[in-house]
Amino acid sequence: MDRPKVVKYTPPECVEDYPLGAFQAGHLVQKNAGWRVFRPVIDHDKCIGCLRCFLVCPDGVIDKSGEKLEIDYDFCKGCGVCAYECKVNAIRMVKEGEEADE
Amino acid sequence: MSKKIFVSGDEAVAEAVRLAKPHVISAYPITPQTVAVERISDFVEDGTLKAEYLHVESEHSAMSAAMGAAAVGARTFTATSSQGLLYMSEVLPYVSGARFPIVMMNANRTLATPWALLSDHRDSLSQLDSGWIQVYCEDAQETLDMILQAYRISEDPRVMAPMMVNLDGFVLTHTYEMVELPAQAEVDAFLPAYTTINRMDLDDPKTVCYAAMNDYMEFHMKQELDMRKVPSVIEEVDRLYGDKFGRYYDGMVEQYLCDDAEVVLVTLGSVTGTARVVVDAMRKEGHKVGLVKLRYMRPFPREEILDIASRVRAIGVLDKDISVGYEGIVFTNVNSTVADLETSPGRINFIGGLGGRNISKENTRGMFNELLELARGEKKEKIQFVNARCEYHG
Ligand code: SF4
Ligand code: SF4
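Definitions and cut-offs
- Residues numbered from 1 in each chain as written.
- Chains lettered and ligands numbered in written order.
- Predicted model: local features only at pLDDT ≥ 70, side-chain atom pairs only at ≥ 80, totals over all residues.
- Heavy atoms only, no water.
- Domains from an automatic or database assignment.
- Buried area = accessible area lost by both parts, 1.4 Å probe.
- Salt bridge = Lys/Arg side-chain N within 4 Å of Asp/Glu carboxyl O.
- Helix = DSSP H or I, 4+ residues; strand = E, 2+ residues; numbered from the N terminus.
- Buried < 20%, exposed > 50% of the residue type's maximum accessible area, 1.4 Å probe, protein only.
- Contact = heavy atoms within 4.5 Å.
- Polar contact = N/O pair within 3.5 Å; in protein donor to acceptor, adjacent residues only side chain to side chain.
- Pairing = 2+ DSSP bridges.
- Phe/Tyr/Trp six-rings, centres within 6.5 Å; stacked < 30°, edge-to-face > 60°.
- Lys NZ or Arg CZ within 6 Å of the ring centre and 35° of its normal.
- Near = heavy atom within 4 Å.
- Nonpolar A, V, L, I, M, F, W, Y, C, P; charged D, E, K, R; others polar.
- Axes fitted to C-alpha atoms, helices over the stretch in contact; angles between N-to-C directions.
- Parallel < 35°, antiparallel > 145°, perpendicular 65-115°, else oblique.
- Left-handed = near helix turned anticlockwise from the far one by under 90°.

1. Topic: the domain arrangement of chain B
Residue and element names in this part refer to chain B. As far as domains go, chain B holds domain 1 (3-245) and domain 2 (254-385). Both faces combined, the contact of domain 1 with domain 2 buries some 2,100 Å², and carbon together with sulfur accounts for 57% of it. The largest contributions to the domain 1 side of the interface with domain 2 come from L125, L128 and E138, which together make up 28% of the buried area. Counting across the interface, domain 1 meets domain 2 through five salt bridges.

2. Focus: unusual backbone geometry
Residue and element names in this part refer to chain B. Across the junction of T31 and P32, the peptide omega takes the value 5°, indicating a cis bond. Here P32 shows up in the loop between strand 2 (24-27) and helix 2 (34-45). Between A112 and the following residue, T113, the backbone shows a cis peptide bond with an omega angle of -10°. Positive phi, close to 45°, is recorded for M160, a residue that is not glycine. Here M160 lies in the loop between helix 7 (140-154) and strand 7 (163-168). In this structure, N387 takes a positive phi of about 55° despite not being glycine. The class for N387 is partly exposed, based on a relative accessible area of 31%.

3. Digging into the pattern of salt bridges
Residues and elements named next belong to chain B. Inspection of the entire model under this criterion finds 33 salt bridges over all chains. Taking the shortest distance from any N to any O, the salt bridge between D260 and R283 comes out at 3.0 Å. Taken together, the positions of D260 in the loop between strand 10 (253-256) and strand 11 (263-267) and R283 in helix 11 (residues 271-284) put the pair 23 residues apart, joining distant regions of the chain. Members of the salt-bridge network, linked through shared partners, are E138, E142, E254, R276, K293 and R295.

4. A closer look at the interface of chain A and chain B
Taken together, the contact pairs twelve residues of chain A with 19 residues of chain B. Carbon and sulfur atoms make up 65% of the surface buried where chain A meets chain B, a total of about 1,300 Å² over both sides. When the area that chain A buries against chain B is broken down by residue, the three leading residues are V15, Y18 and L20 of chain A, summing to 45%. Linking chain A with chain B are zero salt bridges. Connecting chain A to chain B are eight residue pairs in polar contact (both at pLDDT 80 or more). Pairing of strand 1 (residues 23-24) of chain A with strand 9 (residues 206-207) of chain B involves two bridges; the strand directions are antiparallel. Counted as the bridge partner of Q24 of chain A is K206 of chain B from strand 9 of chain B.

5. What to know about the packing of aromatic side chains
Scanning all chains against the criterion turns up seven aromatic pairs over all chains. Residues F190 of chain B and Y241 of chain B carry aromatic rings whose centres are separated by 5.1 Å and whose planes lie at 80° to one another, so their mutual orientation is edge-to-face. Linking F190 of chain B in helix 8 (residues 184-190) with Y241 of chain B in helix 10 (residues 230-245), this pair joins segments that are 51 residues apart in sequence. Considered together, F190 of chain B and Y241 of chain B belong to a single accessibility category, that of buried residues. Residues F385 of chain B and Y392 of chain B carry aromatic rings whose centres are separated by 5.1 Å and whose planes lie at 85° to one another, so their mutual orientation is edge-to-face. With a relative accessible area of 37%, F385 of chain B lands in the partly exposed category. Exposure remark for Y392 of chain B: the relative accessible area of 38% places this residue in the partly exposed category. What links up through ring pairs into an aromatic cluster is the set Y18 of chain A together with Y210 and F219 of chain B. The ring of F190 of chain B has R152 of chain B sitting right over it, with the charged end atom 5.5 Å from the ring centre. The aromatic ring of Y256 of chain B is capped on one face by R276 of chain B, whose charged end is 5.1 Å from the ring centroid.

6. Here's the deal with the site of ligand 2
In the vicinity of ligand 2, the contacting residues are P40, C57, P58, V61, I62, C76, K77, G78, C79, G80 and C82 of chain A. Split by residue class, the shell around ligand 2 holds eight nonpolar, two polar and one charged.

7. Thoughts on the packing of helix 11 of chain B against helix 14 (residues 361-375) of chain B
Residue and element names in this part refer to chain B. At a minimum axis separation of 9 Å, helix 11 and helix 14 run at an interaxial angle of 60°. Relative to helix 14, helix 11 is oriented oblique. Seen from above, helix 11 lies across helix 14 with right-handed handedness. Only K361, T364, R365, F368, N369 and L372 of helix 14 make contact with helix 11, whose side of the interface consists of T274, A275, V277, V278, V279, A281 and M282.

8. Comments concerning the environment of E180 of chain B
Within the secondary structure, E180 of chain B sits in strand 8 (residues 176-181). There is a polar contact of 3.2 Å between the side chain of E180 of chain B and the side chain of S2 of chain B.

Structure follows, in C-alpha coordinates:
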(Lines give C-alpha, C1' and ligand atoms only; values in the text may rest on other atoms or scores of the structure.)
(Ligands and ions follow the chains in the order given, each with its own letter.)
Protein backbone atom coordinates (compact mmCIF):
# COMPACT_ATOMS: atom_id res chain seq x y z
CA MET A 1 0.00 0.00 0.00
CA ASP A 2 1.47 3.36 -0.97
CA ARG A 3 0.29 5.11 2.18
CA PRO A 4 2.74 7.83 3.32
CA LYS A 5 5.18 6.61 5.94
CA VAL A 6 4.72 7.68 9.52
CA VAL A 7 7.31 10.36 10.25
CA LYS A 8 8.55 11.69 13.55
CA TYR A 9 6.86 14.94 14.58
CA THR A 10 9.05 17.79 15.73
CA PRO A 11 7.14 20.94 16.66
CA PRO A 12 8.29 24.10 14.85
CA GLU A 13 11.00 26.06 16.63
CA CYS A 14 9.06 29.27 16.46
CA VAL A 15 5.40 30.28 16.18
CA GLU A 16 5.98 31.90 12.76
CA ASP A 17 6.83 28.48 11.33
CA TYR A 18 3.39 27.06 12.02
CA PRO A 19 1.32 26.61 8.85
CA LEU A 20 -1.02 29.39 7.83
CA GLY A 21 -4.25 27.51 7.27
CA ALA A 22 -3.46 24.70 4.86
CA PHE A 23 -0.83 22.05 5.44
CA GLN A 24 0.64 19.35 3.19
CA ALA A 25 -1.76 16.40 3.11
CA GLY A 26 -0.80 12.89 4.13
CA HIS A 27 1.70 13.99 6.73
CA LEU A 28 1.37 11.08 9.12
CA VAL A 29 2.94 11.47 12.51
CA GLN A 30 1.34 8.53 14.31
CA LYS A 31 -0.50 5.31 13.75
CA ASN A 32 -4.15 5.71 14.49
CA ALA A 33 -6.02 2.53 15.31
CA GLY A 34 -5.88 2.34 19.10
CA TRP A 35 -9.59 2.82 19.60
CA ARG A 36 -10.61 -0.15 17.43
CA VAL A 37 -12.71 -2.73 19.28
CA PHE A 38 -13.63 -4.99 16.35
CA ARG A 39 -11.41 -5.56 13.33
CA PRO A 40 -12.71 -6.44 9.90
CA VAL A 41 -11.44 -9.73 8.53
CA ILE A 42 -11.91 -10.55 4.86
CA ASP A 43 -12.73 -14.09 3.83
CA HIS A 44 -10.97 -14.18 0.48
CA ASP A 45 -12.77 -17.34 -0.60
CA LYS A 46 -16.10 -15.57 -0.36
CA CYS A 47 -14.94 -12.19 -1.74
CA ILE A 48 -16.08 -11.56 -5.32
CA GLY A 49 -13.89 -8.49 -5.76
CA CYS A 50 -16.70 -5.97 -6.24
CA LEU A 51 -14.67 -3.29 -4.39
CA ARG A 52 -17.71 -1.97 -2.56
CA CYS A 53 -15.79 -2.09 0.73
CA PHE A 54 -12.88 -0.25 -0.87
CA LEU A 55 -15.23 2.53 -1.95
CA VAL A 56 -17.08 2.97 1.32
CA CYS A 57 -14.23 2.72 3.81
CA PRO A 58 -14.19 6.22 5.36
CA ASP A 59 -10.51 5.94 6.17
CA GLY A 60 -9.29 4.67 2.82
CA VAL A 61 -7.43 1.81 4.46
CA ILE A 62 -8.47 -1.02 2.13
CA ASP A 63 -5.74 -1.57 -0.40
CA LYS A 64 -6.61 -3.01 -3.80
CA SER A 65 -3.18 -2.87 -5.41
CA GLY A 66 -2.29 -6.49 -4.65
CA GLU A 67 -3.86 -9.73 -5.78
CA LYS A 68 -6.12 -9.80 -2.74
CA LEU A 69 -7.67 -6.93 -0.85
CA GLU A 70 -5.64 -5.99 2.19
CA ILE A 71 -6.67 -3.93 5.20
CA ASP A 72 -4.14 -1.63 6.83
CA TYR A 73 -4.73 -2.36 10.50
CA ASP A 74 -2.47 0.51 11.56
CA PHE A 75 -5.19 2.91 10.49
CA CYS A 76 -8.47 0.94 10.28
CA LYS A 77 -10.69 2.29 13.00
CA GLY A 78 -13.00 -0.69 13.13
CA CYS A 79 -16.18 1.16 12.18
CA GLY A 80 -17.57 -1.90 10.40
CA VAL A 81 -18.94 -0.02 7.43
CA CYS A 82 -17.13 -2.39 5.07
CA ALA A 83 -18.65 -5.47 6.71
CA TYR A 84 -22.11 -3.92 6.69
CA GLU A 85 -21.89 -3.02 3.03
CA CYS A 86 -20.43 -6.28 1.71
CA LYS A 87 -23.27 -7.96 -0.18
CA VAL A 88 -21.82 -11.49 0.12
CA ASN A 89 -20.87 -11.29 3.80
CA ALA A 90 -17.23 -11.75 3.07
CA ILE A 91 -16.17 -9.46 5.91
CA ARG A 92 -16.61 -10.39 9.56
CA MET A 93 -15.96 -8.12 12.52
CA VAL A 94 -13.80 -9.94 15.04
CA LYS A 95 -13.25 -8.67 18.55
CA GLU A 96 -9.67 -7.49 19.14
CA GLY A 97 -7.71 -10.01 21.14
CA GLU A 98 -9.83 -12.87 19.84
CA GLU A 99 -8.80 -15.17 17.01
CA ALA A 100 -10.74 -15.18 13.77
CA ASP A 101 -11.84 -18.80 13.59
CA GLU A 102 -11.13 -19.99 10.13
CA MET B 1 -14.19 56.86 -15.12
CA SER B 2 -15.94 56.81 -11.79
CA LYS B 3 -19.54 57.95 -11.70
CA LYS B 4 -22.02 59.30 -9.17
CA ILE B 5 -24.97 57.13 -8.23
CA PHE B 6 -27.86 57.78 -5.85
CA VAL B 7 -28.19 54.62 -3.75
CA SER B 8 -29.04 53.25 -0.34
CA GLY B 9 -26.37 51.73 1.88
CA ASP B 10 -27.51 48.24 0.95
CA GLU B 11 -27.26 49.08 -2.75
CA ALA B 12 -23.81 50.59 -2.21
CA VAL B 13 -22.71 47.27 -0.72
CA ALA B 14 -24.10 45.39 -3.72
CA GLU B 15 -22.31 47.73 -6.15
CA ALA B 16 -19.05 47.26 -4.27
CA VAL B 17 -19.43 43.48 -4.34
CA ARG B 18 -20.02 43.57 -8.09
CA LEU B 19 -16.79 45.56 -8.48
CA ALA B 20 -14.85 43.15 -6.24
CA LYS B 21 -15.91 40.17 -8.40
CA PRO B 22 -16.19 37.39 -5.84
CA HIS B 23 -16.48 33.88 -7.29
CA VAL B 24 -19.05 32.73 -4.75
CA ILE B 25 -21.77 34.50 -2.80
CA SER B 26 -23.69 32.57 -0.19
CA ALA B 27 -26.23 34.50 1.79
CA TYR B 28 -29.53 34.28 3.57
CA PRO B 29 -31.74 37.36 3.61
CA ILE B 30 -32.47 39.18 6.85
CA THR B 31 -33.83 42.68 7.39
CA PRO B 32 -32.16 45.19 7.03
CA GLN B 33 -29.52 43.44 4.91
CA THR B 34 -32.05 41.98 2.44
CA VAL B 35 -31.82 44.62 -0.27
CA ALA B 36 -28.05 44.12 -0.54
CA VAL B 37 -28.30 40.38 -1.22
CA GLU B 38 -31.32 40.87 -3.53
CA ARG B 39 -29.33 43.31 -5.65
CA ILE B 40 -26.34 40.98 -5.78
CA SER B 41 -28.70 38.20 -6.81
CA ASP B 42 -29.97 40.47 -9.62
CA PHE B 43 -26.41 41.11 -10.79
CA VAL B 44 -25.67 37.40 -10.94
CA GLU B 45 -28.96 36.82 -12.80
CA ASP B 46 -28.31 39.54 -15.38
CA GLY B 47 -24.72 38.40 -15.84
CA THR B 48 -23.03 41.63 -14.75
CA LEU B 49 -21.46 39.66 -11.90
CA LYS B 50 -20.12 36.30 -12.98
CA ALA B 51 -20.40 34.40 -9.74
CA GLU B 52 -22.01 31.37 -8.20
CA TYR B 53 -24.86 32.53 -5.95
CA LEU B 54 -25.78 29.95 -3.32
CA HIS B 55 -29.28 30.43 -1.95
CA VAL B 56 -28.68 28.71 1.36
CA GLU B 57 -31.26 27.83 3.98
CA SER B 58 -29.75 29.65 6.95
CA GLU B 59 -26.95 31.93 8.11
CA HIS B 60 -25.11 28.97 9.60
CA SER B 61 -25.11 27.42 6.13
CA ALA B 62 -24.25 30.76 4.51
CA MET B 63 -20.99 30.99 6.42
CA SER B 64 -20.28 27.25 6.13
CA ALA B 65 -20.75 27.37 2.35
CA ALA B 66 -18.58 30.47 2.09
CA MET B 67 -15.91 28.60 4.00
CA GLY B 68 -16.15 25.62 1.67
CA ALA B 69 -15.78 27.94 -1.30
CA ALA B 70 -12.83 29.73 0.30
CA ALA B 71 -11.24 26.32 0.88
CA VAL B 72 -10.91 25.79 -2.86
CA GLY B 73 -9.40 29.23 -3.32
CA ALA B 74 -12.49 31.23 -4.27
CA ARG B 75 -13.07 34.87 -3.38
CA THR B 76 -16.28 34.83 -1.33
CA PHE B 77 -18.89 37.19 0.03
CA THR B 78 -21.66 36.83 2.54
CA ALA B 79 -23.88 39.22 4.45
CA THR B 80 -26.04 39.15 7.53
CA SER B 81 -27.44 41.05 10.49
CA SER B 82 -28.44 40.65 14.12
CA GLN B 83 -29.95 37.21 14.90
CA GLY B 84 -28.45 35.95 11.65
CA LEU B 85 -24.96 36.89 12.77
CA LEU B 86 -25.52 35.08 16.03
CA TYR B 87 -26.82 32.05 14.20
CA MET B 88 -23.64 31.90 12.11
CA SER B 89 -21.41 32.63 15.09
CA GLU B 90 -20.36 29.00 15.48
CA VAL B 91 -18.69 29.17 12.09
CA LEU B 92 -16.89 32.51 12.60
CA PRO B 93 -13.90 31.10 14.54
CA TYR B 94 -13.71 28.18 12.08
CA VAL B 95 -13.16 30.67 9.30
CA SER B 96 -10.69 32.88 11.15
CA GLY B 97 -8.76 29.92 12.59
CA ALA B 98 -8.45 28.33 9.15
CA ARG B 99 -7.29 31.73 7.85
CA PHE B 100 -9.90 32.14 5.10
CA PRO B 101 -10.23 35.78 3.98
CA ILE B 102 -14.02 35.88 3.69
CA VAL B 103 -15.59 39.34 3.50
CA MET B 104 -18.96 39.83 5.16
CA MET B 105 -21.31 42.75 5.41
CA ASN B 106 -23.16 43.05 8.70
CA ALA B 107 -26.12 45.40 8.93
CA ASN B 108 -26.02 46.34 12.61
CA ARG B 109 -29.34 45.56 14.24
CA THR B 110 -30.22 44.94 17.84
CA LEU B 111 -30.77 41.54 19.43
CA ALA B 112 -33.96 40.02 20.80
CA THR B 113 -35.58 40.05 23.28
CA PRO B 114 -37.59 42.21 23.55
CA TRP B 115 -37.85 42.40 19.80
CA ALA B 116 -36.84 45.61 18.10
CA LEU B 117 -35.66 45.89 14.54
CA LEU B 118 -33.61 49.03 14.55
CA SER B 119 -29.90 49.54 14.82
CA ASP B 120 -27.45 49.21 17.66
CA HIS B 121 -24.11 47.40 17.92
CA ARG B 122 -25.01 44.50 20.18
CA ASP B 123 -24.80 41.97 17.33
CA SER B 124 -21.28 42.60 16.03
CA LEU B 125 -19.72 43.55 19.36
CA SER B 126 -20.81 40.19 20.77
CA GLN B 127 -18.52 38.62 18.15
CA LEU B 128 -15.35 40.56 18.96
CA ASP B 129 -13.54 37.42 20.09
CA SER B 130 -14.23 35.49 16.90
CA GLY B 131 -10.91 36.34 15.24
CA TRP B 132 -12.52 38.56 12.58
CA ILE B 133 -11.36 42.03 11.63
CA GLN B 134 -14.19 44.47 12.37
CA VAL B 135 -14.65 47.86 10.74
CA TYR B 136 -17.57 50.28 11.30
CA CYS B 137 -18.73 52.71 8.60
CA GLU B 138 -20.17 56.20 8.89
CA ASP B 139 -22.01 56.43 5.57
CA ALA B 140 -22.79 54.54 2.35
CA GLN B 141 -19.71 55.86 0.54
CA GLU B 142 -17.42 54.63 3.29
CA THR B 143 -19.22 51.28 3.25
CA LEU B 144 -18.66 50.88 -0.49
CA ASP B 145 -15.02 51.84 -0.10
CA MET B 146 -14.55 49.51 2.86
CA ILE B 147 -15.95 46.47 1.04
CA LEU B 148 -13.28 47.03 -1.62
CA GLN B 149 -10.58 47.67 0.97
CA ALA B 150 -11.71 44.63 2.96
CA TYR B 151 -10.78 42.22 0.18
CA ARG B 152 -7.40 43.83 -0.21
CA ILE B 153 -6.75 43.73 3.54
CA SER B 154 -8.00 40.22 4.30
CA GLU B 155 -6.40 38.58 1.29
CA ASP B 156 -3.02 40.14 2.01
CA PRO B 157 -0.66 37.20 2.71
CA ARG B 158 0.46 38.99 5.88
CA VAL B 159 -3.13 39.10 7.11
CA MET B 160 -5.20 36.13 5.89
CA ALA B 161 -8.07 36.93 8.23
CA PRO B 162 -11.77 37.37 7.50
CA MET B 163 -13.31 40.82 7.73
CA MET B 164 -16.72 42.07 8.85
CA VAL B 165 -17.82 45.39 7.36
CA ASN B 166 -20.43 46.92 9.67
CA LEU B 167 -22.99 49.52 8.70
CA ASP B 168 -25.91 50.65 10.82
CA GLY B 169 -29.18 49.02 9.88
CA PHE B 170 -31.81 51.35 8.36
CA VAL B 171 -29.85 54.51 9.24
CA LEU B 172 -27.39 53.53 6.50
CA THR B 173 -28.85 50.47 4.80
CA HIS B 174 -32.16 52.16 3.94
CA THR B 175 -31.28 55.81 3.44
CA TYR B 176 -30.13 57.19 0.11
CA GLU B 177 -27.11 59.29 -0.68
CA MET B 178 -24.90 60.24 -3.61
CA VAL B 179 -22.07 57.78 -3.80
CA GLU B 180 -19.07 57.77 -6.08
CA LEU B 181 -18.77 54.45 -7.87
CA PRO B 182 -15.19 53.71 -8.94
CA ALA B 183 -14.56 52.44 -12.46
CA GLN B 184 -14.11 48.70 -12.87
CA ALA B 185 -10.64 49.01 -14.42
CA GLU B 186 -9.45 51.09 -11.47
CA VAL B 187 -10.82 48.57 -9.00
CA ASP B 188 -9.21 45.70 -10.90
CA ALA B 189 -5.88 47.48 -10.60
CA PHE B 190 -6.39 48.06 -6.87
CA LEU B 191 -7.67 44.57 -6.16
CA PRO B 192 -5.69 41.89 -7.98
CA ALA B 193 -7.17 38.41 -8.43
CA TYR B 194 -7.07 36.36 -5.27
CA THR B 195 -4.39 33.69 -5.14
CA THR B 196 -3.51 31.56 -2.16
CA ILE B 197 -1.70 28.39 -1.25
CA ASN B 198 -4.23 27.96 1.55
CA ARG B 199 -6.62 25.75 -0.40
CA MET B 200 -7.53 22.26 -1.45
CA ASP B 201 -5.63 21.36 -4.58
CA LEU B 202 -5.68 18.00 -6.36
CA ASP B 203 -2.19 18.53 -7.79
CA ASP B 204 -0.72 19.47 -4.44
CA PRO B 205 -2.99 17.86 -1.84
CA LYS B 206 -3.41 19.81 1.36
CA THR B 207 -5.34 19.36 4.50
CA VAL B 208 -7.45 22.27 5.72
CA CYS B 209 -9.41 22.78 8.94
CA TYR B 210 -7.40 20.03 10.64
CA ALA B 211 -7.23 19.09 14.29
CA ALA B 212 -4.13 20.27 16.15
CA MET B 213 -4.69 18.95 19.62
CA ASN B 214 -1.21 19.52 21.06
CA ASP B 215 -0.38 22.59 18.96
CA TYR B 216 -3.70 24.39 19.30
CA MET B 217 -2.22 27.10 21.48
CA GLU B 218 0.63 27.90 19.09
CA PHE B 219 -1.81 28.20 16.17
CA HIS B 220 -3.67 30.88 18.07
CA MET B 221 -0.46 32.57 19.18
CA LYS B 222 0.38 32.84 15.49
CA GLN B 223 -3.09 34.22 14.74
CA GLU B 224 -2.67 36.83 17.48
CA LEU B 225 0.86 37.82 16.45
CA ASP B 226 -0.29 38.18 12.84
CA MET B 227 -3.32 40.24 13.90
CA ARG B 228 -1.05 42.67 15.75
CA LYS B 229 0.57 43.52 12.41
CA VAL B 230 -2.77 44.15 10.69
CA PRO B 231 -3.03 47.86 11.68
CA SER B 232 0.00 48.67 9.53
CA VAL B 233 -1.58 46.84 6.56
CA ILE B 234 -4.83 48.74 7.16
CA GLU B 235 -2.95 52.07 7.09
CA GLU B 236 -1.09 51.00 3.96
CA VAL B 237 -4.26 49.94 2.11
CA ASP B 238 -6.07 53.11 3.19
CA ARG B 239 -3.26 55.26 1.73
CA LEU B 240 -3.17 53.21 -1.45
CA TYR B 241 -6.95 53.50 -1.81
CA GLY B 242 -6.87 57.22 -1.15
CA ASP B 243 -4.13 57.78 -3.70
CA LYS B 244 -6.16 55.90 -6.29
CA PHE B 245 -9.71 57.00 -5.52
CA GLY B 246 -9.24 60.24 -3.61
CA ARG B 247 -10.87 59.20 -0.35
CA TYR B 248 -8.74 58.61 2.76
CA TYR B 249 -10.22 57.39 6.03
CA ASP B 250 -7.22 57.76 8.33
CA GLY B 251 -6.81 54.01 8.86
CA MET B 252 -7.67 52.71 12.32
CA VAL B 253 -9.07 55.90 13.85
CA GLU B 254 -10.20 59.24 12.51
CA GLN B 255 -9.41 62.12 14.82
CA TYR B 256 -11.71 65.07 14.19
CA LEU B 257 -10.44 68.31 15.76
CA CYS B 258 -8.54 66.37 18.42
CA ASP B 259 -5.19 68.20 18.26
CA ASP B 260 -5.98 70.78 20.92
CA ALA B 261 -9.12 69.16 22.36
CA GLU B 262 -9.69 69.12 26.11
CA VAL B 263 -12.38 66.47 25.90
CA VAL B 264 -13.22 63.94 23.21
CA LEU B 265 -16.10 61.63 22.47
CA VAL B 266 -15.44 58.18 20.98
CA THR B 267 -18.06 56.98 18.49
CA LEU B 268 -18.61 54.03 16.15
CA GLY B 269 -20.57 54.07 12.90
CA SER B 270 -23.23 56.44 11.65
CA VAL B 271 -23.75 58.41 14.88
CA THR B 272 -20.35 59.93 14.14
CA GLY B 273 -22.11 62.13 11.56
CA THR B 274 -24.29 63.73 14.23
CA ALA B 275 -21.36 64.16 16.60
CA ARG B 276 -19.35 65.88 13.85
CA VAL B 277 -22.04 68.57 13.48
CA VAL B 278 -22.19 69.08 17.25
CA VAL B 279 -18.41 69.39 17.50
CA ASP B 280 -18.45 72.05 14.78
CA ALA B 281 -21.17 74.01 16.58
CA MET B 282 -19.49 73.78 19.99
CA ARG B 283 -16.12 74.74 18.53
CA LYS B 284 -17.71 77.92 17.19
CA GLU B 285 -18.80 78.66 20.75
CA GLY B 286 -15.20 78.21 21.92
CA HIS B 287 -15.39 74.76 23.53
CA LYS B 288 -12.34 72.61 22.95
CA VAL B 289 -14.15 69.43 22.00
CA GLY B 290 -13.03 66.72 19.61
CA LEU B 291 -14.33 63.55 18.06
CA VAL B 292 -12.67 60.15 17.85
CA LYS B 293 -14.21 57.99 15.18
CA LEU B 294 -13.19 54.48 16.13
CA ARG B 295 -13.16 52.72 12.78
CA TYR B 296 -11.78 49.35 13.78
CA MET B 297 -12.72 47.37 16.87
CA ARG B 298 -10.50 44.40 15.88
CA PRO B 299 -7.64 44.74 15.75
CA PHE B 300 -8.07 47.41 18.40
CA PRO B 301 -6.25 50.74 17.78
CA ARG B 302 -4.25 50.73 21.01
CA GLU B 303 -1.56 53.14 19.85
CA GLU B 304 -3.98 55.78 18.62
CA ILE B 305 -6.18 55.61 21.72
CA LEU B 306 -3.13 55.87 24.00
CA ASP B 307 -1.90 58.88 22.07
CA ILE B 308 -5.26 60.65 22.27
CA ALA B 309 -5.84 59.75 25.93
CA SER B 310 -2.44 61.15 26.90
CA ARG B 311 -3.42 64.57 25.52
CA VAL B 312 -7.00 65.11 26.79
CA ARG B 313 -8.58 65.73 30.18
CA ALA B 314 -11.68 63.61 29.64
CA ILE B 315 -12.80 60.87 27.26
CA GLY B 316 -16.39 59.87 26.69
CA VAL B 317 -17.21 56.59 25.02
CA LEU B 318 -20.59 56.31 23.35
CA ASP B 319 -21.64 52.68 23.33
CA LYS B 320 -24.66 51.49 21.34
CA ASP B 321 -24.50 48.29 23.31
CA ILE B 322 -24.18 47.07 26.87
CA SER B 323 -22.53 44.03 28.34
CA VAL B 324 -25.22 43.48 30.94
CA GLY B 325 -23.66 43.25 34.38
CA TYR B 326 -20.70 45.46 33.55
CA GLU B 327 -20.59 48.34 31.06
CA GLY B 328 -20.42 49.14 27.35
CA ILE B 329 -18.09 46.87 25.38
CA VAL B 330 -16.33 49.70 23.56
CA PHE B 331 -15.76 51.41 26.91
CA THR B 332 -14.13 48.27 28.35
CA ASN B 333 -11.77 48.19 25.37
CA VAL B 334 -10.88 51.88 25.56
CA ASN B 335 -10.47 51.68 29.33
CA SER B 336 -8.04 48.77 29.30
CA THR B 337 -5.85 50.71 26.87
CA VAL B 338 -6.04 53.96 28.82
CA ALA B 339 -5.04 52.07 31.99
CA ASP B 340 -1.50 51.87 30.54
CA LEU B 341 -1.04 55.61 31.06
CA GLU B 342 0.55 56.87 34.27
CA THR B 343 -2.14 59.48 34.70
CA SER B 344 -5.30 58.74 32.81
CA PRO B 345 -7.99 61.24 31.82
CA GLY B 346 -11.49 61.19 33.28
CA ARG B 347 -13.83 58.76 31.61
CA ILE B 348 -17.57 58.44 31.12
CA ASN B 349 -19.39 55.64 29.39
CA PHE B 350 -22.51 56.89 27.63
CA ILE B 351 -24.88 54.11 26.73
CA GLY B 352 -27.39 55.09 24.10
CA GLY B 353 -29.12 54.12 20.93
CA LEU B 354 -30.19 50.70 22.21
CA GLY B 355 -32.84 49.22 19.96
CA GLY B 356 -32.40 52.21 17.66
CA ARG B 357 -33.25 54.90 20.24
CA ASN B 358 -32.40 58.24 18.70
CA ILE B 359 -29.20 60.03 19.69
CA SER B 360 -29.93 63.64 18.83
CA LYS B 361 -27.67 66.64 18.50
CA GLU B 362 -28.99 67.81 21.88
CA ASN B 363 -28.14 64.44 23.44
CA THR B 364 -24.65 64.65 21.97
CA ARG B 365 -24.17 68.19 23.22
CA GLY B 366 -25.28 66.90 26.64
CA MET B 367 -22.52 64.29 26.55
CA PHE B 368 -19.89 66.89 25.69
CA ASN B 369 -21.15 69.11 28.52
CA GLU B 370 -20.82 66.24 30.99
CA LEU B 371 -17.25 65.68 29.78
CA LEU B 372 -16.37 69.39 30.04
CA GLU B 373 -17.71 69.47 33.60
CA LEU B 374 -15.77 66.31 34.45
CA ALA B 375 -12.64 67.95 33.04
CA ARG B 376 -13.28 70.94 35.34
CA GLY B 377 -13.24 68.60 38.32
CA GLU B 378 -16.95 67.97 38.88
CA LYS B 379 -18.00 64.49 39.98
CA LYS B 380 -19.86 62.48 37.36
CA GLU B 381 -21.57 59.12 37.08
CA LYS B 382 -19.22 56.75 35.28
CA ILE B 383 -21.97 55.01 33.32
CA GLN B 384 -24.81 57.13 31.99
CA PHE B 385 -27.79 56.21 29.82
CA VAL B 386 -28.50 58.68 27.04
CA ASN B 387 -32.02 59.72 26.08
CA ALA B 388 -33.80 57.26 28.39
CA ARG B 389 -37.58 57.70 28.55
CA CYS B 390 -37.66 57.88 32.31
CA GLU B 391 -35.42 58.41 35.29
CA TYR B 392 -33.16 55.62 36.45
CA HIS B 393 -31.35 55.01 39.69
CA GLY B 394 -27.92 53.39 39.51
S1 SF4 C 1 -17.42 -5.68 -0.53
FE2 SF4 C 1 -17.17 -7.80 0.00
S3 SF4 C 1 -17.18 -8.86 -1.94
FE4 SF4 C 1 -16.89 -6.71 -2.42
S5 SF4 C 1 -14.66 -6.49 -2.51
FE6 SF4 C 1 -15.24 -6.03 -0.41
S7 SF4 C 1 -15.04 -7.96 0.66
FE8 SF4 C 1 -15.05 -8.43 -1.49
S1 SF4 D 1 -13.74 -1.26 9.59
FE2 SF4 D 1 -14.10 0.77 8.83
S3 SF4 D 1 -12.06 1.66 8.75
FE4 SF4 D 1 -11.78 -0.52 8.93
S5 SF4 D 1 -11.59 -1.22 6.84
FE6 SF4 D 1 -13.73 -1.44 7.40
S7 SF4 D 1 -14.66 0.47 6.69
FE8 SF4 D 1 -12.45 0.80 6.73
